[in-house]
Amino acid sequence: MMASLLGLAVFAMVLSGPALAFVPIGGGSSSHVTITENALLQKVMETCEAVAQKYDYDFKDMGDSPGQIVQACLGPTATGDVSGAKFHSALQEIYSQNGLVDRDFANSAPHHFNSEKFLEGRSLITEGMAAIKANIRNENFKAARETLGKILHTLQDFYSHSNWVELGNTDPYPSLIRADLPIENIADMNTPTCSDCASGTCPDPILPTILENQKLTSGYMGIFSSTKPSGKCSHGGESDRTSSTRPRGGIHKDERRADNKLYYDTAVKVATAASLQLLEDIRLAAGDEDFLRMMGIARSSSVCFVIDTTGSMSDEIDVARNVTYEIIDSKRGTQDEPSEYILVPFNDPEVGPVTRTADPDVMKKEISKLSAYGGGDEPEMCYSGIQLALTTAPSYSNIYVFTDATAKDDHLKDTLDALIKRTKSVVNFFMTGSSRRRRRSTGGGTFNDYKDLALASGGQAIQVTKDQLPQATAIILDTSTSALVTVLQQARNPGNPDSFSFDVDASLKNITIYITGSALTFTLTNPNGITQSSSQTSGALAAISTVGNLWRTTLNADRASGTWQIRITSNNPYTVKVTGQSTIAFIYDFVEEFGGPHPGFAVLTGRPQAGQPATLMLPLMGREGPDSLKVKEVSLISVSSSASVVANTTSMGDGNILVTVSSVPEGEFVILLKGTDTVSNTDFQRQSTTQMSVSKVNIQAIVSSSMEPGKPFTLPFSVLTNGAGGDFTINARNDRDFKMDYPKSLTLKPGEYSNDTLTITPPPETLSGTDVTLTLEASRGTDSNYVVLRFSVLEKITDFFPPVCEIINIVDACPHVSQCKDYVWEVSVNITDGNGTGIESVSLNQGNGTLTEVIGGDPAQYRYNASCCAEVFEMVAVDKIGNVGKCFHSIVRSASAPAPKLSALLILSLFLSVFIFRPS
């Protein structure tokens, strides 16, 4: 099963140049992507099994597609269709950040353990682990994934770029993920380490004295310079200019060659084992449930409410409260139960606080506290609330906004557009104010701005009276469900009569058509030619209801598969959207090619470049894996017209499609995929929800490290235009309102990057693990582009030592195996974190017995009791910084040996059990 998901990020290795670390060349089959993938999938499966054991259900291997893995992991709570999109997307985020280390930090020795930078490289890993653990504690899972991808790359490079395996080591080096352990015996600057290799591929270039004395070294890498300390090994390869300086050659194991087969194979195995160790440490610190949440293992989407709490909103708050209660009560315990609830209230000028919980009762309690107050002027801080929701909710979330007023903070509209495109979340508006309201002196936008944002995200802007609002919120119950897909979405502004066709395949269930607009009629036609007009509320094809400007059409369960058509007649602006439930889906990312010593493709965080071919990677998901789908066509479709561009597609294997187009439709466009489901032999179509467009502006910035509370953080950035030069406006926003300093404009020359810096300062009281989303924009006239960056705020780490425990008593009178069920054994331990940050949690990691706290505090005392048939015991203690200690004991018994006397057993156990916490 591990190999079956290689295609999730195969583009990262297929499209990269031959210098990329751990590249499969000359018969090899491993890369950073496959090493990371194998470790992640193995750890996910282990965690799923542990959760199944905890909740007493069978973990059944249902298949190897992302959806099937998620369904197996969720067990009895997932009896129907489950989408693997979130899991798939989480993996892609990790793989992408892993690959970007070769682009963003190509010349940084610590990021690759080059040039004997072992202590500096270890600091990147341990600081990254601390940030990940802090992010998870604050439920900032996206930030955790991005950091995880980066530090896994650095960890894996140690085994490829150092002489660890040449020294005879076949296990990971624990000091790399443990800041409290020394990195020993590093060759100093004056110690020669390699012999000269004129061919560049000698089998054993490391000096015998280095190997005999077990000296640790790594190759020097020079992208721009050929100089290196005298006698030192080079990294090697075409991109390393030091490899031509004596001693020539190199010691890297990035590819498998005739001269390094054994070392390469060993490096791959040890790098995989090391990745598993790092993941296990994070899992133990986070707990199984939160580890799986970080990995995108979830039943359904998050449900996020953004609610105006100003004085006129009492009725809307009551409706939102009732809808939330209905969702919670009707979906509790089912696979459609939301994986998470998020609440973002906004007033004027207050926004928040955010409530984020997987516990439905906590959400009920928090929303019951909402009340309408304050306000005064009409426009409110709606966009600030939406910004906070977009940066808090996971990608691909559904966000529901309740308001009766326009937005005062309309300067955030471009920021919201950037965040929508980055997160691919869908924003739906429920507007109960009058569309004729105008801006007042306090400023603000219009309700049409809400419609624009809804359309940009693939959502709905529903305008109703307060009395109609309870009927309109049926859309929330429709969309807060598992395996939701969009089949079609189009808009016409100005309005004109038009026909829209869409394919309904056999896998689609609960198909709903939403039309928003005024003074319109429509006719629905099925593949057999049967029709139903909008005036027929209940007919042969569907049930039709209206409320405000929304028409909601639900197809009958016995609907026919094939091509359907809907004909809309209106001269006013309108939108049409078709959704359903299905495990046939796709996700996508626009990518751009980059050069340097490790060329490849990187995921874009902004708009694709105008005047250049657009490239994207499109992974597919089918009912029985990607092999059950046949792609017929991928098109870029204009949202506001019938214009389209058919893309060139290249199968990368395992359902991954590389898509390229020489030009894109003008204005906003979406991606339309058509194909055949071989399970049912019916045609399907799926459409992306988020609108995209191109720009002549390009902006680049790289997050190199975490921020520290109270200290300024400097972010270099670069801006380029492929259009006319001149003065470009620079805007920056962050969702925490941290103080920022940056240039308000830059003067650009066509085709040349202009460089500057932004400084952001988190307040001293900022909690460790807080994530910050920064949107940096460059614009001139109507053309703009952006980059969306995530930072983690991390307090300076001073506690590097894990908790320890001391055995104080063992009662072990277990007889031989055949009699084990009638006997019990017991162990008591003291646990302390010494002078550290204090014990955060203690849990049982292995064992079927009972762990009981006898004395709380620090030190604490615990007692474990188990049947003699349960022979293994392991407990885990985590301190408040995330350091993990593990404690293991086994009472393995002979199947035939008689039970020794208790006193002898006690002595034997004390002798065999050092029983000091083994840090993870």
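Before reading on, note that the structure itself is shown above.
This one's a predicted model, so the numbers in the text were calculated from it and none came from an experiment. (Residues numbered from 1 in each chain as written. Predicted model: local features only at pLDDT ≥ 70, side-chain atom pairs only at ≥ 80, totals over all residues. Heavy atoms only, no water.)

With the rule as written, the count across this model stands at six cavities of 30 Å³ or more. Volume-wise, the largest cavity comes out at about 670 Å³. Around the largest cavity sit 35 residues that line it, and Ala85, Tyr396, Leu484, Val485 and Thr689 are the ones nearest its centre. For the lining of the largest cavity, the elements supplying multiple residues, two or more each, are α4 (85-104), β5 (426-431), α17 (474-479), β7 (484-492), β15 (574-581), β16 (585-586) and β25 (682-687). Looking at which element gives the most residues to the lining of the largest cavity, the answer is β7, with three residues. (1 Å grid on protein atoms, 1.4 Å probe; cavity = no way out; pocket = protein on both sides within 12 Å on 5 of 7 lines; lining within 4 Å. Points joined across faces, edges and corners; volume = space filled by probe spheres on them. Helix = DSSP H or I, 4+ residues; strand = E, 2+ residues; numbered from the N terminus.)

Attention now goes to the state of the cysteines. Applying the stated criterion to the full structure yields five disulfides. Sulfur-sulfur distance for the disulfide between cysteine 814 and cysteine 868 comes to 1.8 Å. In this structure the cystine formed by cysteine 814 and cysteine 868 twists about its S-S bond by roughly -75°; its chirality is therefore left-handed. Pair noted here: cysteine 814 is in the loop between β34 (804-812) and β35 (824-832) and cysteine 868 is in the loop between β38 (860-867) and β39 (872-879), with a separation of 54 residues, a long-range link. Between the sulfur atoms of cysteine 820 and its disulfide partner cysteine 869 the distance amounts to 2.0 Å. (Disulfide = S-S within 2.5 Å.)

Moving on, we get to the pattern of salt bridges. The final tally for this structure, using the stated rule, is 45 salt bridges. Between glutamate 93 and lysine 142 there is a salt bridge, and its shortest N-O distance comes to 2.7 Å. Of the two residues, glutamate 93 is situated in helix α4 and lysine 142 in helix α7 (residues 141-161); the sequence distance between them amounts to 49 residues. For the pair glutamate 93 and lysine 142, one class covers both residues: buried. Residues lysine 466 and aspartate 404 are paired through a salt bridge, measuring 3.8 Å at the closest nitrogen-oxygen approach. Taken together, the residues lysine 466 in the loop between β6 (461-463) and α16 (469-472) and aspartate 404 in the loop between β4 (398-403) and α14 (413-423) connect sequence positions 62 residues apart. (Salt bridge = Lys/Arg side-chain N within 4 Å of Asp/Glu carboxyl O. Buried < 20%, exposed > 50% of the residue type's maximum accessible area, 1.4 Å probe, protein only.)

On to the environment of phenylalanine 713, then. Mapped onto the secondary structure, phenylalanine 713 falls in strand β27 (residues 713-721). Relative accessible area serves as the criterion here: at 9%, phenylalanine 713 is assigned to the buried category.

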